[in-house]
Every structure is written in C-alpha cells, then in structure tokens.
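Spelled out from the first residue to the last, the chains are:
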Amino acid sequence: MEITWNGIESHIAGCAQCPLSQTRQQPVMGRGNHRADIMLIAEAPGAQEDQQGVPFVGRSGEILDSLLQECGLTREEIYITNILKCHPPGNRDPREEEKEACFPYLKYETFLLKPKIIVCLGRVAAQRIISPDFKITRQHGLWTCRKDCALTATYHPSAILRDPSKYESAKKDFCEIVKKRDEFIPGGHKPGGPTGADF
Ligand code: URA
C-alpha cells in the first residue's frame, strides 16, 4: 500500500479503532508543512480542536504561537500533530489502548515527513515517544538521537497556562530547537512546501 498524506487523512476521518470515535465531534489530523524539518507532537485535541478539526486552536494554541514567534518560527514551517487524533472527553489523559490504536497514524505521518527534529510537547508525548519514565520537569530541553533524528521535549502549552512560570523554560527550549535545526541543516531549512493545503 502506498502511504500518502491524503490516504492517512481519509483513514483518520473514518477511524473507529477506539471508543473515542463515538464521542468526538471530528478527528484532528496533523497540520503544517509537509516538508518541515521540525515535527511537534502533543497529546490529544482539546475541546476547541474537536470542534474545529485543527490542532492548537484554543488558548494553548495562543501560548504555542507565542513561543514559536519568540524564537522566529511560524506554523507554516513546522508540522504539528498529536498522539491521539480524537478528543478524550473531559480532557482526561489518553488511555493505553487509545494510544496504541492511534499510533500507526503517527508512524505514517513521521514516515512521510522524515523530520530532522521531533519535539514532544508535554509528558504524555515524551513518555510515548522518548522514554516511558520521562520526567518533563527534570528532562525537558535534553536531546537524544534516533537514527538521523534529534528528539527533545518541552512543557505542554496547557501546563504553561496552568503555571506561567514555565513559559521562560519553554522559550529557552524552543530557542535551542531552532539552534539545533540550524546546526543540522547549515545554510537553512528545507524550502517551504505546501502548508497543509493539499489535504
Ligand atoms: N492540546 C493538545 O495536546 N493538542 C492540541 O491539538 C490542542 C491542545
């Protein structure tokens, strides 16, 4: 089977692999530049994302945009997705079986994107992607390498909303992410491709 962005999107649109398909308004596919070097992976869509079908459109999206802006990044040059594509009712933590049911979609997105840098936003993503015992408070901003991809984690924007004192640490982490990108890809990043308009 050929894996394509359109193919992933239509699978996600009709997905009923876990009970969240019964309670969601709509699934939320990753968004952004399909030629991005940087992939952000968060936890799961919130209530507003569930309504609009786009990641990080709520208040945590404002925090994310502010962090991106402070270090000179825009949504148009990165790709943002979630471990779960459907909103867990009441914003509860994703369940193991939900994460496992949804994981193939993340694998397909990563396969197509081939990011140079993966940034986990928050504990849930970091524990699923980097290490099951990842401690976000102690280990945010640290780097690890897998194949030719550098991985790191920082605070989830919702955690910053709850505790604004985390903002400065997250800002430093994001500035390091840009430095790492510039080290990895001397002379600049991949030229801008379509920004999600092809799906
Ligand atoms: N929180 C997440 O983890 N993902 C979103 O898309 C929005 C809020």
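Check the entry above for the structure.
Along each chain, residue indices are assigned from 1 in the same order as the chain's sequence is written. Totals for whole chains, interfaces and linings use every residue, but because this is a predicted model, local features are given only for residues with pLDDT of at least 70 and side-chain atom pairs only at 80 or more, for both listing and counting. The basis for every side-chain value is the complete set of heavy atoms in the structure, and neither hydrogens nor water enter the calculation.

### Looking at the site of the ligand
In step 1: One heavy atom within 4 Å of a molecule or strand makes the whole residue count as near it. Surveying the vicinity of the ligand reveals the residues Ala42, Glu43, Ala44, Pro45, Gly46, Glu49, Pro55, Phe56, Ser60, Asn82 and His156.
In step 2: Two N or O atoms count as a polar contact when they lie within 3.5 Å, although within protein this holds only if one can serve as hydrogen donor and the other as acceptor, and sequence-adjacent residues are included solely when both atoms are side-chain atoms. One of the side-chain N or O atoms of asparagine 82 is found 2.7 Å from a nitrogen atom in the ligand.
In step 3: In the model, an oxygen atom of the ligand is placed 2.7 Å from a nitrogen or oxygen of the histidine 156 side chain.
In step 4: For the ligand, whose free accessible area comes to 240 Å², the fraction covered by protein is 95%.
In step 5: Charged means Asp, Glu, Lys or Arg here, nonpolar means Ala, Val, Leu, Ile, Met, Phe, Trp, Tyr, Cys or Pro, and polar covers whatever is left, Gly included. Grouping the constituent residues of the shell around the ligand by class yields five nonpolar, four polar and two charged. Using the Shrake-Rupley algorithm and a 1.4 Å probe, accessible areas are obtained, with residue cover drawn only from the displayed protein chains.

### Observations regarding the sheet that holds strand β2 (residues 38–42)
In step 1: Overall, mixed pairing links the six strands, which are arranged β1-β3-β2-β4-β6-β5 in an open sheet. Looking at the sheet topology across the chains shown, the edges are occupied by β1 (31–32) and β5 (144–146).
In step 2: Two strands are said to pair when DSSP picks up at least two bridges between them. Helix and strand assignments come from DSSP, with helices taken as H or I runs of at least 4 residues and strands as E runs of at least 2, each series counted from the N terminus. Inspection of the sheet shows β2 paired to strand β3 (residues 78–82) by five bridges, in the parallel sense. What sits directly across from isoleucine 38, in β3, is isoleucine 78.
In step 3: Across the sheet, helix α9 (residues 167–184) touches β2, β4 (117–121) and β6 (149–154), and the angle it forms with β6 is around 170 degrees. For this analysis, residues touch if any pair of their heavy atoms sits within 4.5 Å. Here an angle of 0 to 180 degrees is reported between the N-to-C directions of two axes, which are lines fitted to C-alpha atoms, with helices fitted over the stretch in contact.

### Considerations on the state of the cysteines
In step 1: Working definition: a disulfide is two cysteine sulfur atoms within 2.5 Å of each other. For the coordinates displayed, the defined rule picks out zero disulfides.
In step 2: The thiol of cysteine 86 is unpaired, and the distance to the nearest cysteine sulfur, on cysteine 102, comes to 6.2 Å.
In step 3: Take cysteine 120: it sits in no disulfide, and the sulfur closest to it among the cysteines is that of cysteine 149, at 9.5 Å.

### Thoughts on the pattern of salt bridges
In step 1: We define a salt bridge as a contact between a side-chain nitrogen of Lys or Arg and a carboxyl oxygen of Asp or Glu at a distance within 4 Å. On inspection of all chains with the given rule, the structure shows 12 salt bridges.
In step 2: Glutamate 70 serves as the salt-bridge partner of lysine 171, at 3.4 Å between the closest nitrogen and oxygen. In this pair, lysine 171 is assigned in helix α9 and glutamate 70 in helix α4 (residues 59–70), connecting sequence segments 101 residues apart.
In step 3: Judged by relative accessible area, which is 39%, glutamate 70 ranks as partly exposed.
In step 4: The residue glutamate 109 makes a salt bridge to lysine 85 at a minimum N-O spacing of 2.7 Å. One end of the pair, glutamate 109, is in helix α5 (residues 96–113); the other, lysine 85, is in the loop between β3 and α5, with 24 residues separating them in the sequence. Here the two residues glutamate 109 and lysine 85 agree in accessibility, since each one is buried.
In step 5: Salt bridges linked by common partners bring Glu70, Glu168 and Lys171 together as one network. Only protein chains enter the accessibility calculation, which uses a 1.4 Å probe; a residue is then buried when its area is under 20% of its type maximum, exposed when over 50%, and partly exposed in between.

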